[in-house]
Amino acid sequence: MSSLSRELVFLILQFLDEEKFKETVHKLEQESGFFFNMKHFEDQVQAGEWDEVERYLCGFTKVEDNRYSMKIFFEIRKQKYLEALDRQDRAKAVEILVKDLKVFASFNEELFKEITQLLTLDNFRKNEQLSKYGDTKSARNIMLVELKKLIEANPLFRDKLTFPAFKSSRLRTLINQSLNWQHQLCKNPRPNPDIKTLFMDHSCSPTTNGARPPPPTNSPLVGPIPKAGAFPPIGAHGPFQPVVSPSSGAIAGWMSSGNPSLPHAAALAAGPSGLVQSSNAAAFLKHPRTLSGMPGMDYQSAESEHLMKRIRTGQSDEVSFSGIAHTPNVYSQDDLPKTVVRAFTQGSNVMSMDFHPQQQTILLVGTNVGDISLWEVGSRERLVHKPFKVWDISAASMPLQTALLNDAVISVNRCVWAPDGLMLGVAFSKHIVQIYQYNPTGELRPHLEIDAHVGGVNDIAFAHPNKQLCIVTCGDDKMIKVWDTVTGRRHYAFEGHDAPVYSVCPHYKENIQFIFSTAMDGKIKAWLYDCLGSRVDYDAPGLCCTTMAYSADGTRLFSCGTSRDGESHLVEWNESEGAIKRTYSGFRKRSLGVVQFDTARNRFLAAGDEFQIKFWDMDNTSILTAVDADGGLPASPRLRFNKEGSLLAVTASDNGIKILANSDGSRLIRMLESRAFDKSRGPSEPVNSKPLIVNALGPVGNAAIAPALERSDRVLPAISISSLGTMDSSRLVDVKPRISDDTDKIKGWRIPDIIDPSHLKVLRLPDAIAAGKVVRLLYTNSGLALLALASNAVHKLWKWQRSERSPLGKATAYVAPQLWQPPSGTTMTNDISDTKPVEESAACIALSKNDSYVMSASGGKVSLFNMMTFKVMTTFMSPPPAATFLAFHPQDNNIIAIGMEDSTIQIYNVRVDEVKTKLKGHQNRITGLAFSQTLNSLVSSGADAQLCVWSIDGWEKKKSRFIQAPAGCQSPLAGETKVQFHNDQTHLLVVHESQIAIYDSMLECLRSWSPKDSLNAPISSAIYSCDGSMIYAGFSDGAVGVFDSDNLRLRYRIAPSAYMPSFSVSNSAYAVVVAAHPSEPNQIALGMSDGAVHVVEPSDVELKWGATPSQDNGSLPSSSSNPSLSGQPTELPSR
């Protein structure tokens, strides 16, 4: 049998085993003789199924094959013979002796005679050699030990005792891939093919209008089709695979691995159209894996472990050339907040705490008497105190009024901030939740009071289904409910638990939002925002009251709970299997009270137990350390990290709260102590009447420290939405982008002008031949490399290696990378025009999501390169006209928008080498393209200074507008105009040499900034930081500006002398293009007019752009007198 046929047998064995065809599995093992299943053999021996034992063995060996085989069969038949004698079944014993044991007489006649003589004994144990024979079970176990040794020593079993290692459901995956390719080869592929059989090749019937719709999303049979990046391309159909609609993430894995319970009673209230779960998600969960013994076959769960692994890591499921996998946490003990820096008294027993998501030192506290407080932990000042009261008793339900009349005592069960920090929710022990709006002045204003549950409301959380912020609650009435944050109207009521619901954990994976819920009977369920009941029914460890929480990046799921017997369980879940991945040790055998826990960023777990705070490394089940916070803690203290993990709030026995800090947190507290805050607000600065983007997720790194320090009145910092785009999409958990009319009025100290190289960490990338200016520059999506395209049409790729400074091998200015080439020495060089010098040709470049392929042009044909080999895979689009800009369709890598020199935009399908449509609306060459999935639109910009919006569905033009000339500039404008969407996918950055501007989805200019004062040179390039909080702009005099993205206020001017020590006016190189790192918001790369590439970061890892430096820098100087550098107001758009 060929090697591939042999492997096919193994695939079938795996499939049969997964489908629980146990007898068939073992029959195929025996008949093929490829794999000896020792576990099955042991089970049959211990069960005394001697005929089956011999039949199975005969698939691999015969009695006479060798001495090992002979000994194996002899031991089995001897045991069968002795058991018959032990049962006094002499007739059976004689039969065994004649039929089975006589064959050995020719090899050892004396032994056969001795065995025969046992028939004459009343008890064969009288034989000296058998005197130690015990009962049947023990005798079989002793024999098994001997048999295993013989089998392992037998050369006929060599290479047959270990099943080959390959991923689960591999046969399903191969079938999916086959169906996928068949569908791709269809002449008329339908979006949702109806695949009813595997017996014939799949082919879609033609569509009525002849149009070619996009490739399939999900079908009940095919499920999530693996992308083509994971296997070789076929023929001329290129390396691209359409992006299919994602499966339902964690829930999918839990569904496929357990026995999915039948849907419980449907949701009691139908959701509004804006909140209804997508049909793809619903379709996915309507088709759980077929149960054993039931007819039918469902390929939905194919390679679910691999799929979930990709979802958890936030990576594309295409193959990355970097080969970098997840590595364990790298940390030091100093990262743990263990030092007590604050202690203050709340006045009553603290029941719940939560730090503000942006203002890292604002702590929300709820108590057992129903009051809530806001503390500024740095200054020990209580900003707000709200005693409990029902806001409108007349509107309260009769059960609530009766409950309050019978017992007026009410407790806070949970209080929590909304993700954007502009709202907070409080769940009470009787019926109601109250929602407050957080005013920028620090004031709390009542917003909603909801009579949510009958009995206590045990938990509250904010979620963000389909871009609509909602409130999720659970209660003693065994229900989970979802509420509108604007009107308080109920969207959903989920029913299915058999006990009061203890906690809820909303989450987001790819395009699927869901809710985990846990009940007091230890049951865990999961729900989509639909009316189809729960998708998961599992038992929590210890069947106890359990809370669940994700790591900060949303990729790892943990739970912690304490049973009625006092046994505590802290575990990490394997989402792909719905099973426990690891259980953390170190708890007291009988915990006093319910243990509470929290996660710190993506590194640590902490739980309150045994009058201490216990810490674990997420990757290690053993306890890392424990601290008692100078004593005075209750048996099971409650605790809460701030978002950065630098501060930890923990409850104390005397109705107090202690704040623990690590080195970052201690530094923050010291700064707050040493700094005098101005209590009076300054006069308002001119503001734009248009609303500004306000942070909905919180900062990255330590960027949040600065606003907290610099605001005298604790105005909510205006930092834009973070952690989207190329970063891990799982960080989008329960986010609601918000718009605010309030502008930034920070008057704190900043470094206004960076001139000295000591203020920066700059690395000029190694390059022996810097020929031609850098015209295009971008980081790979993994952040591990930089790719440059020079004006001479040559690409250069720099790769970083792993180091102590960069354990993951990410790009950094602290470690020099390698100018990389494949072993063949091939260079990536674009095709060039025969009629136009390459230096005068427009250059464009686009990188596939998995960093495997790059598409590029420099005036000639568009080339598709393999990033591993640098080989040209194909060329297309011969000029004229030449391609001037490239952009991949966000949902289908086969579709590319190509801006052309003749002012058109061609929508091109790489796979079929066909222009689908041509968009016309500009008057000059296309210089920018940007897709928005949220708006379902493509925005284009041209050298005519015009913006156009096109619908992705029909490619019709929806709107167009010329950008406006700033005061003092000649109108109309002309020249290159670039566009880039903010991470919220609705706000648009527009870059022209005369301005940077923010536009909304209707192409209304919200705010603009024009070169002036010390930054008066034309703008050469600008780009958002990866978290969307900053804009980096390059200027033609070599300077670089760092701006707040929400208000275009200048943070820093980086002088060219700071990153180019040899800079001189006579040799004035400048940044032609600025690139932003995909996961490090404070790192940029500059592609220079002299061919150099510089990587630029702040000089100290503690100092981020816009963050207040440590006191080691000396006294704080006064604000700059230069109006352009000390918070100048940006311009209002002229009308």
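The shown structure was predicted, so the numbers you read here are calculated from the model rather than taken from an experiment.

Basis of the calculations
- Here, residues in each chain are numbered from 1, in the same order as that chain's written sequence.
- In view of the model being predicted, local features appear only for residues whose pLDDT reaches at least 70, and side-chain atom pairs are presented and counted only at 80 or more, with totals across whole chains, interfaces and linings using the full set of residues.
- Working from all heavy atoms in the structure, the side-chain values ignore hydrogens and water.
- For the purposes of this entry, the term helix denotes a DSSP run of H or I that reaches at least four residues, the term strand denotes a run of E that reaches at least two, and both are numbered from the N terminus.
- Residue burial is assigned from relative accessible area. The probe radius is 1.4 Å, only protein chains are included, and a residue is buried under 20% of its type maximum, exposed over 50%, and partly exposed in between.
- For this analysis, residues touch if any pair of their heavy atoms sits within 4.5 Å.
- Each accessible area is a Shrake-Rupley estimate made with a 1.4 Å probe; only the visible protein chains count as cover when residues are assessed.
- Only strands joined by at least two bridges in the DSSP assignment are considered to pair.
- Interaxial angle, 0 to 180 degrees, is taken between N-to-C directions of lines fitted to C-alpha atoms, where a helix line uses only the stretch in contact.
- Throughout this description, a polar contact denotes any pair of N or O atoms lying within 3.5 Å of each other; where both atoms belong to protein, one of them has to be capable of donating a hydrogen while the other can accept it, and for residues adjacent in sequence the pair is counted only when both atoms sit in side chains.
- We treat Lys and Arg as the positive residues and Asp and Glu as the negative residues; His and chain ends play no part in the count.
- Each reported salt bridge corresponds to a side-chain nitrogen of Lys or Arg within 4 Å of a carboxyl oxygen of Asp or Glu.
- By nonpolar core is meant a set of buried Ala, Val, Leu, Ile, Met, Phe, Trp, Tyr and Cys residues that side-chain atoms within 4.5 Å join together.
- Only residues whose relative accessible area exceeds 30% and that take part in no salt bridge are eligible for patches, with like-charged residues grouped when within 9 Å of each other and nonpolar side chains (Val, Leu, Ile, Met, Phe, Trp, Tyr) grouped when within 5 Å.
- In what follows, roughly perpendicular refers to angles from 65 to 115 degrees, roughly parallel to angles under 35, roughly antiparallel to angles over 145, and oblique to any angle outside these ranges.
- Left-handed describes a crossing whose near helix is turned anticlockwise from the far helix by less than a right angle; the clockwise case is right-handed.
- Under this grouping Gly is polar, as are all residues other than the nonpolar Ala, Val, Leu, Ile, Met, Phe, Trp, Tyr, Cys and Pro and the charged Asp, Glu, Lys and Arg.
- Per residue, pLDDT captures the predictor's confidence, and it can take any value from 0 to 100.
- Multiplying 1.5 Å by the helix residue count minus one yields the expected span of that helix.

Participant: Quick rundown of the overall build of the protein? Include the residues and the values.
Facilitator: Along the backbone of the protein there are 16 helices and 59 strands. Out of the 1135 residues in the protein, the part that is buried amounts to 58%. Sequence-distant contacts in the protein: of pairs separated by 6 or more residues, those separated by 24 or more amount to 58%. On the protein, roughly 45600 Å² of surface is accessible, and the fraction owed to carbon and sulfur atoms is 51%.

Participant: Just give me the short version of the sheet that holds strand β47 (residues 946–951), but keep the residues and values in it.
Facilitator: Reading across from one edge, β45-β46-β47-β48 is the order of the 4 strands in this open sheet, with antiparallel pairing throughout. Among the strands making up the open sheet, the edge pair consists of β45 (926–932) and β48 (957–962). Averaged over neighbouring strand pairs, the angle between their axes works out to 15° when direction is ignored.

Participant: Can you break down helix α3 (residues 38–47) residue by residue, with the values?
Facilitator: Turning to α3, its buried residues are Met38, His40, Phe41, Glu42, Gln44 and Val45. Considering only its buried residues, α3 is in contact with α2 (22–32), α4 (50–58), α5 (67–86) and α8 (136–153). Sitting at the amino-terminal end of α3 is asparagine 37, which places a side-chain oxygen 3.2 Å from the backbone nitrogen of lysine 39. A positive phi of about 70° marks glycine 48, the residue just after α3.

Participant: Outline the side chain of glutamate 18, listing residues and values.
Facilitator: Inspection of the secondary structure assignment puts glutamate 18 in helix α1 (residues 3–18). One buried charged residue, glutamate 18, remains without a salt bridge, the closest side chain of opposite sign being arginine 172 at 4.3 Å. A polar contact of 2.8 Å, which involves the side chain of glutamate 18, links it to the backbone nitrogen of serine 169.

Participant: Mind laying out the pattern of salt bridges, listing which residues take part and the relevant values?
Facilitator: A side chain of one charge can pair with a side chain of the opposite charge if their charged atoms are brought near each other. Under the definition given, this model contains 35 salt bridges. Across the pair glutamate 83 and arginine 140 runs a salt bridge whose closest N-O atoms are separated by 2.8 Å. On the criterion of sequence distance, the pair formed by glutamate 83 in helix α5 and arginine 140 in helix α8 is long-range, its members being 57 residues apart. Summarising the burial analysis for this pair, glutamate 83 and arginine 140 share the class buried.

Participant: Which residues make up the pairing of strand β53 (residues 1019–1024), and what values do they have?
Facilitator: Residues in a regular strand point their side chains to alternate faces of the sheet. With 5 of its 6 residues buried, β53 lies for the most part within the structure. Linking β53 back to strand β54 (residues 1030–1035) in an antiparallel pair, the connection comprises 5 residues, with glycine 1028 at a positive phi of about 75°.

Participant: Break down the nonpolar core for me, citing the residues and quoting the values.
Facilitator: Here is a general trend for soluble globular proteins: nonpolar side chains tend to be buried in one another's company. With 38 residues, the main nonpolar core has Phe36, Phe41, Leu57, Ile76, Tyr81, Leu82 and Leu101 as its most contacted residues. The set of elements that each furnish at least two residues to this core consists of α3, α4, α5, α6 (90–101), α7 (109–117) and α8. When residues of this core are assigned to their parent elements, the largest contribution, 9 residues, is made by α5. Discounting residues that sit within four places of it in the chain, isoleucine 76 has contacts with Phe41, Trp50, Val53, Glu54, Leu57, Met143 and Leu147. Residues Ile1054, Tyr1059, Met1060 and Trp1105 belong to the second largest nonpolar core, which totals 22 residues.

Participant: Give a description of the side chain of histidine 1077 that names residues and reports values.
Facilitator: The topology assignment puts histidine 1077 in the loop between β57 (1071–1076) and β58 (1084–1088). A relative accessible area of 0% means that histidine 1077 is categorised as buried. Here glycine 783 takes part through its backbone oxygen, which lies 3.2 Å from a polar atom of the side chain of histidine 1077. A polar atom in the side chain of histidine 1077 sits 3.1 Å from the backbone nitrogen of glutamate 1080.

Participant: Explain a nonpolar patch on the surface residue by residue, including any values.
Facilitator: A contiguous nonpolar patch, built from Leu198, Phe199 and Met200 and spanning about 410 Å² of accessible area, is present on the exposed surface. With respect to the helices, strands and loops of the structure, phenylalanine 199 is situated in the loop between α9 (170–184) and α10 (249–257).

Participant: Please set out the pairing of strand β17 (residues 536–539) residue by residue, giving values where relevant.
Facilitator: A one-sided burial pattern is seen for β17, the buried positions being Val536 and Tyr538 and the unburied ones Asp537 and Asp539. The pairing of strand β16 (residues 523–528) with β17 spans 4 bridges and is antiparallel. In the strand pairing of β17, alanine 526 is matched with valine 536.

Participant: Before we move on, could you go through the packing of α3 against α4 and cite the residues and values that matter?
Facilitator: The geometry of α3 relative to α4 is characterised by a closest axis approach of 8 Å and an angle of 150° between their N-to-C directions. For the element pair α3 / α4, the angle class is roughly antiparallel. The handedness of the crossing between α3 and α4 comes out as left-handed. On the side of α3, the interface is formed by His40, Phe41, Gln44 and Val45, while α4 contributes Trp50, Glu52, Val53, Tyr56 and Leu57. Of the residues contributing to the contact of α3 with α4, the split by class is 6 nonpolar, 2 polar and 1 charged.

Participant: Please provide a residue-by-residue account of the confidence of the model for the protein, values included.
Facilitator: Detailed reading of the predicted model is not advised wherever pLDDT is low. Here the protein averages 78 in pLDDT, and 77% of its residues register 70 or above. Below pLDDT 50 for its whole length, residues 208–250 participates in 139 contacts with residues either more than four positions away or in separate chains. In the model, residues 1107–1135 has pLDDT below 50 throughout and makes 67 contacts with residues more than four positions away in sequence or in other chains.

Participant: Quick one: what's the story with α5, residue by residue and with numbers?
Facilitator: With 20 residues, α5 extends 28 Å between its outermost C-alpha atoms, agreeing within 8% with the 28 Å of an ideal straight helix rising 1.5 Å per residue. α5 sits mainly inside the fold: 15 of its 20 residues count as buried. For α5, the N-terminal cap is asparagine 66; the gap from its side-chain oxygen to the backbone nitrogen of tyrosine 68 is 3.0 Å. Positive backbone phi, approximately 60°, marks glutamine 88, located one or two places after α5.

Participant: Provide a residue-level description of unusual backbone geometry, including the pertinent values.
Facilitator: A cis amide bond links proline 879 with the next residue in sequence, proline 880, at an omega value of -5°. The step from proline 880 to proline 881 runs through a cis peptide bond, and the omega angle for that step is -10°. Its location among the elements puts proline 881 in the loop between β40 (872–876) and β41 (883–888).

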